[in-house]
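# Descriptive analysis of the structure
Take a look at the letters that make up each chain.
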2 protein chains.
Amino acid sequence: MANGPSSSRATIHDVAARAGVSAATVSKVLRGVESVKPDNVERVRQAVADLNYRLDPLAAGLRQERRRIIGAVVPDLESEFFGAFATALEQAAEDAGYNVIIASSRESEEREADLVARMDDWRVAGTVLAPVRSERGAGAETLAGLGMTAVLVDRVSAGGAFDTVTADNFEASAHVAERLWAAGHRHVLLHGATTISKSVRTRVEGFTDRARTFEPAMIVDTLLSDDALDEQRPAIRAYLEKARGARTATAVFSLSQHSTLLVLSEMRRLGIACPQDMALVGFDDAEWMQTTWPSVSAVAQPVRTMARKAVSALLARVEGTPEFTAQHLEPCTFIIRESFGEPARQGAQGDPPARRRRPHT
Amino acid sequence: MANGPSSSRATIHDVAARAGVSAATVSKVLRGVESVKPDNVERVRQAVADLNYRLDPLAAGLRQERRRIIGAVVPDLESEFFGAFATALEQAAEDAGYNVIIASSRESEEREADLVARMDDWRVAGTVLAPVRSERGAGAETLAGLGMTAVLVDRVSAGGAFDTVTADNFEASAHVAERLWAAGHRHVLLHGATTISKSVRTRVEGFTDRARTFEPAMIVDTLLSDDALDEQRPAIRAYLEKARGARTATAVFSLSQHSTLLVLSEMRRLGIACPQDMALVGFDDAEWMQTTWPSVSAVAQPVRTMARKAVSALLARVEGTPEFTAQHLEPCTFIIRESFGEPARQGAQGDPPARRRRPHT
DNA sequence: CAGAAAAAGTAAATCGATTTATTCATGTGA
DNA sequence: TCACATGAATAAATCGATTTACTTTTTCTG
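Structural notes, computed from the coordinates. What you see is a predicted model, and the numbers here were worked out from it, not measured in a lab.

In this section: the interface of chain A and chain B. How big an interface is tends to be expressed through the accessible area that disappears when the partners come together. Every contact between the two is made by 61 residues of chain A and, on the other side, 62 residues of chain B. Roughly 5,400 Å² of surface becomes buried between chain A and chain B when both sides are summed, with 49% attributable to carbon and sulfur atoms. Counting the contacts that link chain A with chain B gives 20 salt bridges. As a salt-bridge pair, R67 of chain B and D56 of chain A come within 2.8 Å of each other at their nearest N and O atoms.

Below, the structure is given as structure tokens:
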């Protein structure tokens, strides 16, 4: 019951025999090569249908230098962001006639390097790597060492040896600074749940950079840690407790989804009213953020666009060799929800909270 | 810059030449076959290291009947549940020395069948299918038609032609009914965002089945729909509005994560106090449920266990042929959070709300 | 120590496609 | 009509491993 019904599958030779042509001709028809007489094309088609023939993509790839496979390595598959990214990547690659092999490095650089090498073993045509750390991490190093064709995505900064696709973390964060300033916030806490991620670092830079341009300069506290999530709670709690009613931050900009979850839960635990006592804006939107209380204002990244661009940049390199590396910076969207409000303690002067999306570039 | 450094990779013949043995011997060493003299093993090892040789898994698999690949088809990759499932699956398979190819059917049965056939093209050793619908869906049909080795997971019921691994949806839902009853709820609404999923149907059955055993029988309303998520809001709103203060349900049991999100957001929009006016329990736990207000009580599924069992059941079938199909039912965990409370309108008699996990079997 | 049995090693076939080099018609121009 | 280009088809080589069938070497046994 678990074994094949008609023993073994038909091969290209079976098809050739039935169509009365050679295997080479069948191969041509299968790959849509022009130089086959219409008559023969038709007979091959018929034989394929009769025998229920399906090409073995692995055998097909063996002879070719590069196989029609794209490798994808992402830091995790459990987050909405990379889940959506992987889905979009799969779709884009299939549209181009490629298969995708998705693997999760589980936030381990060592595993990342191993997976990249494994992709090379599979002789993939190209690899999309969303590194754990940055374009200098173990995975990228392996890519370079093996001379692989690749595109780096998400936690990278422009300018390296590879094509890159990233959300415009810098500008989006700067925009958040502006919006908070306009809403009357003069003192903001930046919280990040990791420091190794290049994106998180860029977000800090974008925010502080813009914060410095205000008159008077916005005060920016930062609370960055690489500890396990639960171990970060005390520090957040301590900060928020100190902040209560005192002359400190009136808003938090959380630099990742996990960070947002952490900050929000500690606010609720301490009974801090959001946004009255403390506003909250998160980087990276998630479905649940619409439903929390308060609903969370967040920067949404253009995941699908990024995935599409990654594939097209990769294929451009696979199918030809562009002279220069391309660096794609995709604009984000700022979503205003309840947690984005004016500070109660100081005069307000910004936009009133509202529910809408607006691109900011 | 994008091309290989040392032209082409070493093949098994290069290794053989350098070690002064035949390719067959190298192959034996690589696969850990015993009958090779220690001396030769050592020389092969050395040659492999010297040449930086890595085996091509595709070429290796070509000659074999079944390749060391496991195919996995899941309905989506964007949800926490299947993301975690895919991750755990990958881990378990790799521990057994198999590669995994993950693909998302994007909740389409047509695509599901196509992906299954594609897995067969890849000559996978076995396939783990988490169907869109059930064990009778298009994917399972294709699996059977092609005589593939497979294990069905999640949205299936026991008893079909394939091995299955599922959460014990029936018992877990019955347990929720019991807990709600014990807490004083006499009238509950079941909300599901889809009807085609076998799991959701089983959850309804488990709940209503147990609800009938109470004295007097618990009143169970159901609101099931296959509409797009946003189109379901009006119906929920209408129900909740009617329920307000009136003699209707005092609790909602939402049958999926999406459903929970939907119900919770409509409750908040209408200003319904949870759990005082209306308690909420969801099936399928998510990280964000800790952070909402109120935090959401939920049934947590043992994802990792399910993934591990799926792989071991599959490999048992790949590497031998068990006589009977095995049906695994994994117990769930009921997590009590704020949204699980006693009804305000009637006398209470159950457990006080508390934060803890307890297995229920 | 011869001879048989067991162990170790290898040349060659194989897997299922693609690609190359070659053959075989057919058409064209001088 | 011959030489030559062109178009279509194919036999055979190839990709990089595994597996088979056979040979050689080693180890026992009487």
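Attention now goes to the pairing of strand 8 (residues 251-254) of chain A. Residue and element names in this part refer to chain A. Of the two faces of strand 8, both are covered, the one formed by A251 and F253 as well as the one formed by V252 and S254. Of the pairings in the sheet, the one linking strand 8 to strand 9 (residues 279-283) comprises four bridges and is parallel in character. From the neighbouring strand, S254 faces strand 9, where its bridge partner is G282.

Time to look at the packing of aromatic side chains. Here the structure, examined in full by the defined rule, presents 11 aromatic pairs over all chains. Each residue in the set F207, F253 and F283 of chain A is aromatic and connected to the rest through ring pairs, giving one cluster. Over the ring of F283 of chain A we find R203 of chain A, and its NZ or CZ is 3.8 Å from the ring centre. If you follow R186 of chain B out to its NZ or CZ, it ends over the ring of W181 of chain B, 3.7 Å from the centre.

Both copies of the chain are tied together by a single rotation about an axis and a shift running along it. Superposition of chain A onto chain B requires a rotation of 180 degrees combined with a translation of 0.0 Å along the rotation axis, giving an RMSD of 0.1 Å. Here the symmetry operator amounts to a two-fold rotation axis. Within chain A, the C-alpha atom positioned nearest to the axis of rotation is that of T292 of chain A, 2.2 Å from it. Here 100% of the contact residues of chain A are again contact residues in chain B; the copies associate through an equivalent surface.

Attention now moves to the sheet that holds strand 4 (residues 150-153) of chain A. Residues and elements named next belong to chain A. Ordered by their spatial adjacency, six strands build an open sheet running 2-1-3-4-5-11, and the pairing between neighbours is parallel. At either end of the open sheet lies a strand with only one pairing partner, and these are strand 2 (99-104) and strand 11 (327-330). In this sheet, adjacent strand axes meet at a mean angle of 15 degrees when their direction is disregarded. Direction of pairing for strand 4 relative to strand 5 (residues 163-167): parallel, over a ladder of three bridges. Note that in strand 5 the partner of L152 across the bridge is T164.

Further remarks concern the sheet that holds strand 11 (residues 327-330) of chain B. Residues and elements named next belong to chain B. Pairing in this open sheet of six strands is parallel, and the strands run 2-1-3-4-5-11 from one edge to the other. The strands lining the two open edges of the sheet, one partner per strand, are strand 2 (99-104) and strand 11. In this sheet, neighbouring strand axes are inclined to one another by 15 degrees on average, regardless of whether the strands run parallel or antiparallel.

In this structure, F207 of chain A together with F207 of chain B are the most contacted members of the largest nonpolar core, which totals 114 residues. If we ignore the near neighbours within four places in the chain, the residues touching F207 of chain B are S173, A174, V176, A177, L180, V188, L190, M218, V220 and F253 of chain B.

Before going further, it helps to examine the side chain of R186 of chain A. Residue and element names in this part refer to chain A. Locating R186 in the fold gives a position in the loop between helix 8 (169-182) and strand 6 (187-192). No salt bridge is formed by the buried R186; the nearest opposite charge belongs to E215, separated by 10 Å. Here W181 takes part through its backbone oxygen, which lies 3.0 Å from a polar atom of the side chain of R186.

Turning to the protein's contact with DNA strand D, a few remarks are in order. N40 and R63 of chain A together with I12, S27 and Y53 of chain B are the nearest of the 26 residues found near DNA strand D. Across the atoms of DNA strand D situated within 4 Å of the protein, the share located in sugar and phosphate is 72%. Taking T25 of chain A, its side chain carries an N or O atom lying 2.8 Å from a phosphate oxygen of DNA strand D. One of the side-chain N or O atoms of R31 of chain B is found 2.9 Å from a phosphate oxygen in DNA strand D. Breaking the surface near DNA strand D down by element, the ones donating at least two residues are helix 2 (23-30) of chain A together with helix 2 (23-30) and helix 4 (57-62) of chain B. Tallied by class, the residues present in the surface near DNA strand D amount to 11 nonpolar, eight polar and seven charged.

A few words on helix 5 (residues 80-95) of chain A. All names here are of chain A. With 16 residues, helix 5 should reach 22 Å at 1.5 Å per residue; the first-to-last C-alpha distance of 23 Å fits that figure. Of all 16 residues that make up helix 5, 12 are buried, and the element is covered over most of its length. Along helix 5, the residues classified as buried are F81, F82, G83, A84, F85, A86, T87, A88, L89, E90, A92 and A93. Count one or two residues on from helix 5 and you reach G97, which has phi positive near 85 degrees.

The rules behind the values
- Residues numbered from 1 in each chain as written.
- Chains lettered and ligands numbered in written order.
- Predicted model: local features only at pLDDT ≥ 70, side-chain atom pairs only at ≥ 80, totals over all residues.
- Heavy atoms only, no water.
- Contact = heavy atoms within 4.5 Å.
- Buried area = accessible area lost by both parts, 1.4 Å probe.
- Salt bridge = Lys/Arg side-chain N within 4 Å of Asp/Glu carboxyl O.
- Buried < 20%, exposed > 50% of the residue type's maximum accessible area, 1.4 Å probe, protein only.
- Helix = DSSP H or I, 4+ residues; strand = E, 2+ residues; numbered from the N terminus.
- Pairing = 2+ DSSP bridges.
- Phe/Tyr/Trp six-rings, centres within 6.5 Å; stacked < 30°, edge-to-face > 60°.
- Lys NZ or Arg CZ within 6 Å of the ring centre and 35° of its normal.
- Least-squares fit on C-alpha atoms with pLDDT ≥ 70 in both.
- Axes fitted to C-alpha atoms, helices over the stretch in contact; angles between N-to-C directions.
- Core = buried A, V, L, I, M, F, W, Y, C linked by side-chain atoms within 4.5 Å.
- Lys, Arg positive; Asp, Glu negative; His and termini not counted.
- Polar contact = N/O pair within 3.5 Å; in protein donor to acceptor, adjacent residues only side chain to side chain.
- Near = heavy atom within 4 Å.
- Nonpolar A, V, L, I, M, F, W, Y, C, P; charged D, E, K, R; others polar.
- Expected span 1.5 Å × (residues − 1).

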